[in-house]
Amino acid sequence: MAAVAAAAAARAREKAKAKKAEAMRNGEVGDSDPTSRSDAQVLADLAAEQEARFSEPTTDPNQYEGAAKFYLMYATRPAMALAVEGGEYEPHFSFLVISAIMVAGVLVGVSTYPTLECADWNQFLDLVVTVIFILEVFVKIAAEGMRPWKYWTGKEWAWNNFDFMIVLLCLPWGGSSCGGGSDDGGDAASMAPVLRLLRLARLVKLIRKVPQLQMIVMGLVGGLRSIGYIVLLLLLIFYLFAIAGITMFRQNDPYHWRDVATALITLFRAATLEDWTDIMYIGIYGCKLYPGGIYKDRPDANATDSEYDDDAYEAELDDYDYDDERYSCEEADDEYFFIADPNADLLVALYWVLFITISALVMLSLFVGSVTMSMSESMNQMKDEQEEAAR
């Protein structure tokens, strides 16, 4: 019992620190130092706070008669003990929900194996997880007493609505994909990938349940707010190089430079350093001299070269879409834009060296560094507020 009381006092002390930090952020005067009180004082304050919560008009059974009193006494009171922070059984209920989230994440991975997706134990565990999440929703709604709509509109409306939608969408409305030959089996099987992705979203609930993860995510969100001008500058650089690339390379390489959208995707690929030299060489020599694994002339149906296997050659003729202009050099001129210029190699190299240096080695590094620094500052600010609240 002493260990349980000490744990409850520690939780109450952490809650008091968080409330004081919140008050300081709002410019209010916080409570007295929560670390200077004894466990008995903390537990007494916790009991008084819980009693005050139970005495609210919307949760106090003594304020109602009949069915409302019965509901508050035997539904709201137990639900508050399970779901409300500081409740008697709240830590155990939170542990149950966190365990269900982790099991749900493992089941999503297991379900990617066709031989295990319809296993009885997998279906049973998924049903148990779904029941736990449904129970969590009903418990939190019941904990609001005579104002159940506060579950969707209260202080934690965003997380509660997310939880509710995930539970609602993960229910087997179209039947199970393992229906075993039922008439709805085809529709259910077609919805299986969507249902798997929705069940994967259950893992996001873990962020809410683990304060350390929530702090990291909030720090990351705070860091993303500081990169607006960096993104704008990066888009401007990409746009300028895309227009220049279309002007210089489209005749030699229509696949990568046929329009602005395609050129932007090409530049993004190059900024990740993914085979950017192939794009450069196609731009220099043209798609006929350097196809780069993309372009291919229509093969001669009368070719008899012994190096070709007849079956493979026929398959090549059938499978390759030679009529797609994106992959064909037949429409390109024989005189390429840069072939006639002896300084073409230097100009193209200068274009790509400038772009790779600016985008891949400077701008993206600045982008990541800005997010990292802002995230670190945000997390340090949260930590300082908690430490200040503990003094």
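No experiment lies behind these values; they were computed from the predicted model shown.

Caption draft 1: Fine view of helix H14 (residues 260–271). The terminal C-alpha atoms of H14, which comprises 12 residues, lie 16 Å apart, in line with the 16 Å expected from a rise of 1.5 Å per residue. What H14 keeps buried is the set Thr262, Ala263, Thr266, Leu267, Ala270 and Ala271. The N-cap of H14, judged by a side-chain oxygen 3.4 Å from the amide nitrogen of Ala261 a few residues on, is Asp259. With its phi angle positive at about 65°, Leu273 sits one or two positions after the end of H14.

Caption draft 2: A look at unusual backbone geometry. Phi at Leu273 is positive, roughly 65°, even though this residue is not glycine. Relative to the helices and strands, Leu273 resides in the loop between H14 and helix H15 (276–285). Unusually for a residue other than glycine, Asp275 sits at a positive phi of about 50°. Tracing the backbone through its elements, the reader meets Asp275 in the loop between H14 and H15.

Caption draft 3: Main features of the pattern of salt bridges. Tallied over the entire structure, the rule returns 1 salt bridge. The closest approach of N and O atoms between Glu136 and Lys140, which form a salt bridge, is 3.3 Å. Of this pair, Glu136 and Lys140 both sit in helix H6 (residues 120–142), separated by 4 residues, roughly a single helical turn. The same class applies to Glu136 as to Lys140, namely buried.

Caption draft 4: The arrangement of the environment of Arg147 in detail. Mapped onto the elements, Arg147 comes out in the loop between H6 and helix H7 (150–153). Judged by its relative accessible area of 31%, Arg147 is partly exposed. Spatially, the C-alpha atoms of Arg147 and Thr59 are 8.8 Å apart, while their sequence positions differ by 88 residues.

Caption draft 5: Representation of the confidence of the model for the chain in the model. Across the chain, the average pLDDT comes to 74, with 65% of residues at 70 or higher. Note that residues 25–31 has pLDDT below 50 and, in this model, 6 contacts with residues that lie over four places away or in other chains. Taken as a whole, residues 331–336 scores under 50 in pLDDT and shows 11 contacts with residues more than four places along the chain or in a different chain.

Caption draft 6: Expanded view of the nonpolar core. With 24 residues, the main nonpolar core has Phe249, Trp257, Leu267, Tyr351, Trp352 and Phe355 as its most contacted residues. Examining the composition of this core, we find that 9 residues originate from one element, helix H12 (residues 228–249), more than from any other. Formed by 20 residues, the second largest nonpolar core is a distinct cluster that contains Val97, Leu107, Phe133 and Ala143.

Caption draft 7: View of the side chain of Asp253. Along the chain, the position of Asp253 falls in the loop between H12 and helix H13 (254–257). Here Asp253 is buried and forms no salt bridge, its nearest opposite-charge partner Arg269 lying at an N-O distance of 7.8 Å. Leaving out residues up to four positions away in the same chain, Asp253 has contacts with Ile279, Ile282 and Tyr295.

Caption draft 8: The packing of helix H3 (residues 67–83) against H6, seen in detail. Following both chains from N to C, one finds H3 and H6 inclined at 115°, their axes separated by 8 Å at the closest point. As H3 runs across H6, the sense of the crossing is left-handed. Listed contacts from H6 to Tyr71, Ala75, Thr76, Ala79, Leu82 and Ala83 of H3 are Val139, Lys140, Ile141 and Ala142. In terms of residue class, the contact of H3 with H6 is made up of 8 nonpolar, 1 polar and 1 charged.

Thresholds, definitions, all that
Residues numbered from 1 in each chain as written. Predicted model: local features only at pLDDT ≥ 70, side-chain atom pairs only at ≥ 80, totals over all residues. Heavy atoms only, no water. Helix = DSSP H or I, 4+ residues; strand = E, 2+ residues; numbered from the N terminus. Expected span 1.5 Å × (residues − 1). Buried < 20%, exposed > 50% of the residue type's maximum accessible area, 1.4 Å probe, protein only. Polar contact = N/O pair within 3.5 Å; in protein donor to acceptor, adjacent residues only side chain to side chain. Salt bridge = Lys/Arg side-chain N within 4 Å of Asp/Glu carboxyl O. pLDDT = per-residue confidence, 0-100. Contact = heavy atoms within 4.5 Å. Core = buried A, V, L, I, M, F, W, Y, C linked by side-chain atoms within 4.5 Å. Lys, Arg positive; Asp, Glu negative; His and termini not counted. Axes fitted to C-alpha atoms, helices over the stretch in contact; angles between N-to-C directions. Left-handed = near helix turned anticlockwise from the far one by under 90°. Nonpolar A, V, L, I, M, F, W, Y, C, P; charged D, E, K, R; others polar.

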